[in-house]
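# Chains, contacts and geometry: an overview
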Amino acid sequence: MLTHSLRRSALPLILLPALVLLAGCGDEPAATAKPAPFASTYKPLPSKPTLLRNATVLIGNGQQLDNASVLLQDGKIVAVGSDVKAPDGADIIDASGKWVTPGIIDVHSHLGVYPSPALTASEDGNEMVAPDTAYAWAEHAVWPQDPQFPLALAGGVTSMQILPGSANLFGGRSVTLKNVPARTVQQMKFPGAPYGLKMACGENPKRVYGEKGGPMTRMGNVAGYRKSWIEAAKYLKDWKAYEDALAAAEGNEAAVADKMPQRDLRLETLAGVLKGEILVQNHCYRADEMAVMIDIAKEFGFKITAFHHAVEAYKVADLLAENNICAAVWADWWGFKQEAYDMTLENAAFVDKARATVTVDGKEQQRVGCAIIHSDSALGIQRLNQEAAKAMVAGRRAGIDISEAQAMRWLTENAAKALGIADKVGTLEQGKMADVVLWDRSPFSVYAHAEKVFIDGALMYDRNNKQQQAATDFELGIVKPEGERL
Amino acid sequence: MKTPMTQSFFVQSLRRTLLATMLLAPLAQADNLFIQNGKLYGSDNTGTPISGNVLIRGNRIVAVGAEVKPDADSRIIDAKGRPVTVGLMNAHTGLGTVDIDAEDSTADTATPDLRFGASFDLTDVINPDSVLIPYNRMMGLTRAVVTPAVGHDVFGGQSTLIRLAGDDVVERRQAAVIANYGAHANGANEGSRASTLLAMRMAFDDAKDYTANRAAFQRGERREYSLPYRDLDALLPVLDGRIPLIVAVDRAQDIRAILKLGSEYKLRLILLGASEGHRVAKDIAAAKAAVILAPMENLPDSFDTLSASLSNAAELNRAGVKIAFTSNAGDSPSHNAHLARQGAGNAVANGLPADAALAALTRNPAEMFGISDHYGKLAAGYDADVVVWSDDPLEVTSYPDHVILAGTEQSLVSHQTRLRDRYKEPADPLRAYKR
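A few points on the structure. (Residues numbered from 1 in each chain as written. Chains lettered and ligands numbered in written order. Predicted model: local features only at pLDDT ≥ 70, side-chain atom pairs only at ≥ 80, totals over all residues. Heavy atoms only, no water.)

Attention now goes to the interface of chain B and chain A. Taken together, the 48 residues of chain B in the interface contact 51 residues of chain A. Run the count over chain B and chain A and you get 2 salt bridges. Here A:Arg397 ties to B:Asp401 by a salt bridge, and the two come within 3.2 Å at their closest N and O atoms. Looking at the side of chain B that touches chain A, the elements that each hand over two or more residues are α2 (132–138), α9 (340–349), β15 (400–405) and α12 (415–422) of chain B. It is α9(B) that provides the largest number of residues to the side of chain B that touches chain A, a total of 5 residues. Tallied by class, the residues present in the side of chain B that touches chain A amount to 24 nonpolar, 14 polar and 10 charged. (Contact = heavy atoms within 4.5 Å. Salt bridge = Lys/Arg side-chain N within 4 Å of Asp/Glu carboxyl O. Helix = DSSP H or I, 4+ residues; strand = E, 2+ residues; numbered from the N terminus. Nonpolar A, V, L, I, M, F, W, Y, C, P; charged D, E, K, R; others polar.)

Below, the structure written as structure tokens:
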């Protein structure tokens, strides 16, 4: 929604109808288009109409309703409010004293590509062979049997973006998944979610390639980004020329076959960004580097959707708001490398309160900061609620009035916005996918547990019912033949 | 008969005592404090908080209770009914030995030098000016065990116990020796963990032989040992039970093997990590081994931790095992050592009684590392290390409002809060001139 329109407005290079070969992620490919490769085959599990009532409800958009009900039916949020009736045959759950929130969305995860156990054989998260591996797709490495997925589900996580690692200037394509047990990655793919392009600033590319032909400096990093974007712009132009020729030949492919450019998987991904179909997810810690990346985006006419690991986002919170870029941050990680040194606990709060006025097409627009708490960790993803709680309280102690309802946006609505799926999930609004968590108390407590987790209205996890807790193939008979790992 | 090693140990402990006595004078500058109207935790062993006051003179708590009155010159801190605890302790950190993990020039946590294993000692390099110390202190941590990361050898070196304040942060050196066992231990990673076990046995056998035949060894009339004599020296206090051996170990079978080794050599064992400890909790309790664990670690992240579970702390405690907490059982966590508190809260959420969780952050590590006569309780005669919390000390939404260390109220300012204050108004171009 918001994300889509802003993305287009920031993209002067979007001139073309979607090219068949480049359309990897459109919601509804044209009837004549070939189906996208590796298309989602996700199907919601069977569900019953379910009414959660008498709960404290955090909508996910900054609003809180007390003593309210949420009705899930046919996989959708049907009604939210104080006067909601259950249809016949519905499961009615008394949620007195409990809290209901949208499913948590982690915008930065490596589950499946860095699975547990962490074996050499299954380290598939970082294609560290060249500074630009935009041709690599994270989904081709996701192991759906990773036991980290159900652990994240128990923490209320219903969707996540799986990113390729951060060694490269261009790491490759991310994929957004629904957190459901599956045999194939296609069965987990969030239907209609756009791809992301993972880019990385700073120390990692320097460290990995410094003695392998470069880049070995931040100068080299930036030269590397620009070189690839120049190639991508030419690639896009070549394809446009071909499309024009094809149109002139009235669709006679044979007549223009000699004009058809060679497909290049790396440049397809970059061109997808230039066309606004693939979102840039940029690992970038330092404030000054974020500013440089914003300038690169302007130079080549694309948009950065989110900076990840943005430890210094608070230093440029106004610049991020002005450019409508989300900052995905940790509550308190720091010091593991130099670019993570200037941590402050108020990072998310400062990003959240940032405001900027911009002029778009002659009209003034107010833009607000977009803060997200992300994990980048198979442990952290299990308790993003606690991480948001720490960041919220730090903000309050710095004098910023942040409600629980507002802090929940950092895990839901803002995260959905950064993944381009805010029209489908992230808030408990009528018509959205019924990805919902029932917490046994305020999710901002260390003692809170996700009691029930629904995805598309189907009960995926019940803390009080072992039969409703998925075990992966890996976990069957792993310690005791008849027993369970947990 | 006193060996040179035990002499030096004795002399050191004597010197420590003298130092502690001499330190009383300068520390007398500390305020005389009176904390009134607190919800006092850890004043006894019942776990139930009492409403009352804490009278602090110099660096000691002198009285605790509802009837306790301030002195005429006491500075009064009104706790307003908020929780008051002992300052917290993380039993496994690298505090003061690293600034930035990825920058070797700032990290002193381990040695690749084959000449030093068990004898490797970080005490004199622990930097009291490290920016990590004020940050962790303002988050309620007042004590920590600093343990080297295990480098090349089975043994990584010696632990040091520190207080998070002052120029002399060292409270106790040679507080333990650390060893690694399991998939990632030296010897096991490209071979078999059986060789690690053999290396440990060889080391202890050699240390015994060395201590019985030191003079002959010095004359060159004894066989070659598997370790340099300094490392054998460092193992002697472990062998005679004066200090514990910390063994990083996770798999249930590996824990059994270490317990057996400990019983054979009569070691005081502390298991570090012990992800599968809950499966052998009774054996650990029977062996009187203690455990330092990171309660949030529940991933089957290796074939040593397939049974890792959030209920580990609760189940070990239920079996009667003494537990203490760290924020990460991997290589010596430092930057967020205070997060041992969040771990404790999670342990409670998964079945550990709250008083046991608080004990695991205070009294238990004090007992494990031999300072429980003066730290770990909110009681008369104990060190005045006290934190007044905004709310439940195990909650992630609670913060320290007052941190008192050795009777002195500590500043709640750090590099992180300075950055916060500088960037409160992000558009201010003059911020760089504001100090």
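Still more to cover.
Time to look at the packing of aromatic side chains. For the structure shown, the criterion picks out 23 aromatic pairs over all chains. Residues A:Tyr285 and A:Trp330 carry aromatic rings whose centres are separated by 6.0 Å and whose planes lie at 45 degrees to one another, so their mutual orientation is tilted. Taken together, the residues A:Tyr285 in the loop between β10 (279–283) and α6 (287–300) and A:Trp330 in the loop between β12 (326–329) and α8 (347–353) connect sequence positions 45 residues apart. Given a relative accessible area of 7%, A:Trp330 falls into the buried group. The interplanar angle of 85 degrees and the centroid separation of 5.3 Å between the aromatic rings of A:Tyr314 and B:Tyr423 together place this pair among those described as edge-to-face. Separated into two different chains, A:Tyr314 in the loop between β11 (304–308) and α7 (317–322) and B:Tyr423 in the segment after α12 make up a pair that spans both. The class of B:Tyr423 is buried, set by a relative accessible area of 12%. An aromatic cluster is built from A:Phe170, A:Tyr225, A:Trp229 and A:Phe302, whose rings are joined through pairwise contacts. Above the plane of the ring of A:Phe190 lies A:Lys178, whose end atom (NZ or CZ) is 4.9 Å from the centre. (Phe/Tyr/Trp six-rings, centres within 6.5 Å; stacked < 30°, edge-to-face > 60°. Buried < 20%, exposed > 50% of the residue type's maximum accessible area, 1.4 Å probe, protein only. Lys NZ or Arg CZ within 6 Å of the ring centre and 35° of its normal.)

So, about the state of the cysteines. All names here are of chain A. Counted according to the given criterion, the structure contains 2 disulfides over all chains. Disulfide pairing places Cys326 opposite Cys370 at an S-S distance of 2.1 Å. The sign of the 80 degrees torsion about the S-S bond sets the Cys326-Cys370 disulfide as right-handed. One end of the pair, Cys326, is in strand β12; the other, Cys370, is in the loop between β14 (363–368) and β15 (371–373), with 44 residues separating them in the sequence. Accessibility assignment for this pair places Cys326 and Cys370 in one class, buried. Looking at chain A, its bonded cysteines, counted consecutively from the start of the sequence, adopt the pairing 1-2, 3-4. (Disulfide = S-S within 2.5 Å.)

Another point: the sheet that holds β15(A). All names here are of chain A. Taken together, the 8 strands give an open sheet; going across it, the order is β6-β7-β8-β9-β10-β11-β12-β15, and neighbouring strands pair in mixed fashion. Among the strands making up the open sheet, the edge pair consists of β6 (104–109) and β15. On average, each strand axis in the sheet is inclined to that of its neighbour by 25 degrees, with strand direction left out of account. (Pairing = 2+ DSSP bridges. Axes fitted to C-alpha atoms, helices over the stretch in contact; angles between N-to-C directions.)

We now examine the pairing of β10(A). Residue and element names in this part refer to chain A. The element β10 is extensively covered by neighbouring structure, given that 5 of its 5 residues are classed as buried. Here β10 shows a buried face lined by Leu279, Gln281 and His283 and a second buried face lined by Val280 and Asn282. As defined by bridge partners, strand β9 (residues 196–200) adjoins β10 across 5 bridges and the pair is classed as parallel. In the strand pairing of β10, Lys198 is matched with Gln281. Looking at chain direction, β10 and β11 are connected through 4 bridges and run parallel. Of the residues in β11, the one forming a bridge with His283 is His308. Crossover connection from β10 via α6 to parallel β11: handedness right-handed. (Right-handed = clockwise from strand over helix to strand, strands pointing away.)

Turning next to the nonpolar core. Membership of the largest hydrophobic core comes to 197 residues, with the highest contact counts inside it found for A:Trp229, B:Phe155 and B:Phe325. Top contributing element to this core by residue count: helix α4 (residues 218–248) of chain A, with 9 residues. B:Val86, B:Val145, B:Ile371 and B:Tyr375 belong to the second-largest nonpolar core, a separate cluster that totals 35 residues. (Core = buried A, V, L, I, M, F, W, Y, C linked by side-chain atoms within 4.5 Å.)

Purely geometric numbers; function is a separate question.
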